[in-house]
Amino acid sequence: GAVVSQHPSWVICKSGTSVKIECRSLDFQATTMFWYRQFPKQSLMLMATSNEGSKATYEQGVEKDKFLINHASLTLSTLTVTSAHPEDSSFYICSARMQGAGNTIYFGEGSWLTVV
Amino acid sequence: GNSVTQMEGPVTLSEEAFLTINCTYTATGYPSLFWYVQYPGEGLQLLLKATKADDKGSNKGFEATYRKETTSFHLEKGSVQVSDSAVYFCALSDHTGNQFYFGTGTSLTVIP
């Protein structure tokens, strides 16, 4: 099946620094990509929806200046956590909608971020 | 609003045991319902789905029926295997397919 890859899978960064997480659709073009985060024992929460070539749409309560999302091509979306703080430590997962395949969504393997 | 409530884990079963993971939802309109599975170190994979009431999704021996009257989509398997050990997520999407709402996930461990 279709593959969505995230990188890095694990990242530890110092408080105050920025960290970028990449989400790539390896074998299909994705017009729309989604970013989620999951706190321990909680649901995956949608953070934002990004469409190739346009600004991301953020969910209520998500700081767009803190979580920068770029969807520069049909196969790559990036999430940059700026000025990270320990409370940003979480599991971030992306998904991508295959172009021309209706509602078929494929998920990445997720990225664990720990801010120390 | 839309939400999904999923049975909490972890769940530990012996091989060949019967599995049920409960999932109920609240939704406006006519959502589609999904079960995703995440094996260790891998991404979420679609396990099965149902797009309308009374539909039954099935895959790899797992099945779930979209019950509108009870707003449920319980996952079942008659005989689990060690290889079924994973985290299972129940989810719904709205009619646009853009918004997914997930349960908290249920970790299943199957022991030989």
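Scroll up to find the structure.
Let us look at the structure shown here. For every chain, the first residue of the written sequence is number 1, and numbering continues from 1 along that sequence. Chain labels run from A onward and ligand labels from 1 onward, assigned in the order the entries are written. Residue-level local features of this predicted model are given only where pLDDT is at least 70; pairs of side-chain atoms are given and counted only at 80 or more, and the full residue set underlies all totals for whole chains, interfaces and linings. The side-chain quantities take in all heavy atoms of the structure and omit both hydrogens and water.

1. What about the state of the cysteines?
Disulfide: a covalent bond connecting the sulfur atoms of a pair of cysteines.
1) Next: We call a pair of cysteine sulfur atoms a disulfide when they lie within 2.5 Å. All chains considered together, the criterion is met by 2 disulfides over all chains.
2) Next: Between the sulfur atoms of B:Cys23 and its disulfide mate B:Cys90 the distance is 1.9 Å. Taking the torsion about the S-S bond as the criterion, the B:Cys23 to B:Cys90 disulfide, at about -70 degrees, is left-handed. Here the residue B:Cys23 occupies a position in strand S4 (residues 23–26), and B:Cys90 occupies one in strand S10 (residues 86–93), the gap between them amounting to 67 residues.
3) Next: Exposed residues in this analysis have more than 50% of their type's maximum accessible area, buried residues have under 20%, and partly exposed residues fall in between, with area computed by a 1.4 Å probe over protein chains only. Accessibility expressed as a relative area gives 1% for B:Cys90, which makes it buried.
4) Next: Looking at the unpaired A:Cys13, the closest cysteine sulfur is the one in A:Cys94, lying at 18 Å. Starting at the N terminus, helices and strands are each numbered in turn, a helix being any DSSP run of H or I of at least four residues and a strand any DSSP run of E of at least two.

2. Quick word on the interface of chain B and chain A
It is common to report an interface's size as the accessible area lost on association of the parts.
1) Next: Contact criterion: two residues are considered in contact whenever any of their non-hydrogen atoms come within 4.5 Å of each other. Each partner contributes to the interface: chain B provides 15 residues, whereas chain A provides 17 residues.
2) Next: Using a 1.4 Å probe, buried area is obtained as the accessible area two parts lose upon being combined, added over both of them. Counting the surface lost from both chain B and chain A, the interface buries some 1,300 Å², and carbon and sulfur atoms represent 53% of this.
3) Next: Basic side-chain nitrogens of Lys or Arg form a salt bridge, by our definition, when they fall within 4 Å of a carboxyl oxygen of Asp or Glu. Scanning the region where chain B abuts chain A turns up 0 salt bridges.
4) Next: Here a polar contact is recorded for every N or O atom pair within 3.5 Å, except that within protein the pair must consist of a potential hydrogen donor and a potential acceptor, and residues adjacent in sequence are included only if both atoms are side-chain atoms. Applying the counting rule to chain B against chain A returns 0 residue pairs in polar contact (both at pLDDT 80 or more).
5) Next: Secondary-structure elements contributing two or more residues to the side of chain B that touches chain A are strand S5 (32–38) and strand S11 (100–102) of chain B.
6) Next: Considered class by class, the residues forming the side of chain B that touches chain A number 5 nonpolar, 9 polar and 1 charged. Classification convention: Asp, Glu, Lys, Arg as charged; Ala, Val, Leu, Ile, Met, Phe, Trp, Tyr, Cys, Pro as nonpolar; all other residues, Gly among them, as polar.

3. Comments concerning the packing of aromatic side chains
1) Next: Pairs were defined over the aromatic rings of Phe, Tyr and Trp, the Trp ring being its six-membered one, requiring ring centres within 6.5 Å. Orientation was assigned from the angle between planes: stacked under 30 degrees, edge-to-face over 60, tilted for the rest. Scanning the entire structure with this criterion turns up 17 aromatic pairs over all chains.
2) Next: Taken together, a centroid distance of 6.0 Å and an interplanar angle of 80 degrees make the contact between B:Tyr25 and B:Tyr66 edge-to-face. Here B:Tyr66 lies in the loop between strand S8 (62–65) and strand S9 (75–77) and B:Tyr25 lies in strand S4, a separation of 41 residues in the sequence.
3) Next: By relative accessible area, which is 7% here, B:Tyr25 ends up buried.
4) Next: Since its relative accessible area comes to 4%, B:Tyr66 is described here as buried.
5) Next: Plain terms: the ring middles of B:Tyr36 and B:Phe102 are 6.0 Å apart, the flat faces sit at 50 degrees to each other, and that makes the pair tilted. Placement of the pair is B:Tyr36 in strand S5 and B:Phe102 in strand S11, with a sequence separation of 66 residues.
6) Next: Looking at B:Phe102, the relative accessible area reads 3%, which means it is buried.
7) Next: By way of ring pairs, the aromatic residues A:Tyr36, A:Phe107, B:Phe34, B:Tyr36, B:Phe89, B:Phe100 and B:Phe102 are connected into one cluster.

4. Side note on the sheet that holds strand S3 (residues 19–21) of chain B
Residue and element names in this part refer to chain B.
1) Next: If you walk across this open sheet you meet the 4 strands as S3-S9-S8-S7, and the pairing is antiparallel. Where the open sheet ends on each side, the last strands, each with one partner, are S3 and strand S7 (56–59). Along the sheet, successive strands turn relative to each other by an average axial angle of 15 degrees, direction set aside.
2) Next: For two strands to be treated as a pair, DSSP must find no fewer than two bridges joining them. Of the strand pairs in this sheet, S8 and S9 are connected by 2 bridges, and their pairing is antiparallel. Among the inter-strand pairings, Phe-62 is bridged to a residue of S9, identified as Lys-77. Orientation is described by axes fitted as lines to C-alpha atoms, over the contacting stretch for helices, and by angles from 0 to 180 degrees between their N-to-C directions.

5. A word on the pairing of strand S2 (residues 11–14) of chain B
Residues and elements named next belong to chain B.
1) Next: Where burial is concerned, the two faces of S2 differ: the one with Val-11 and Leu-13 is buried and the one with Thr-12 and Ser-14 is not.
2) Next: Where S2 and strand S12 (residues 106–111) come together, 4 bridges link them in parallel fashion. Within the sheet, the bridge partner assigned to Val-11 lies in S12 and is Leu-108.

Worth remembering: the numbers are spatial, not functional.
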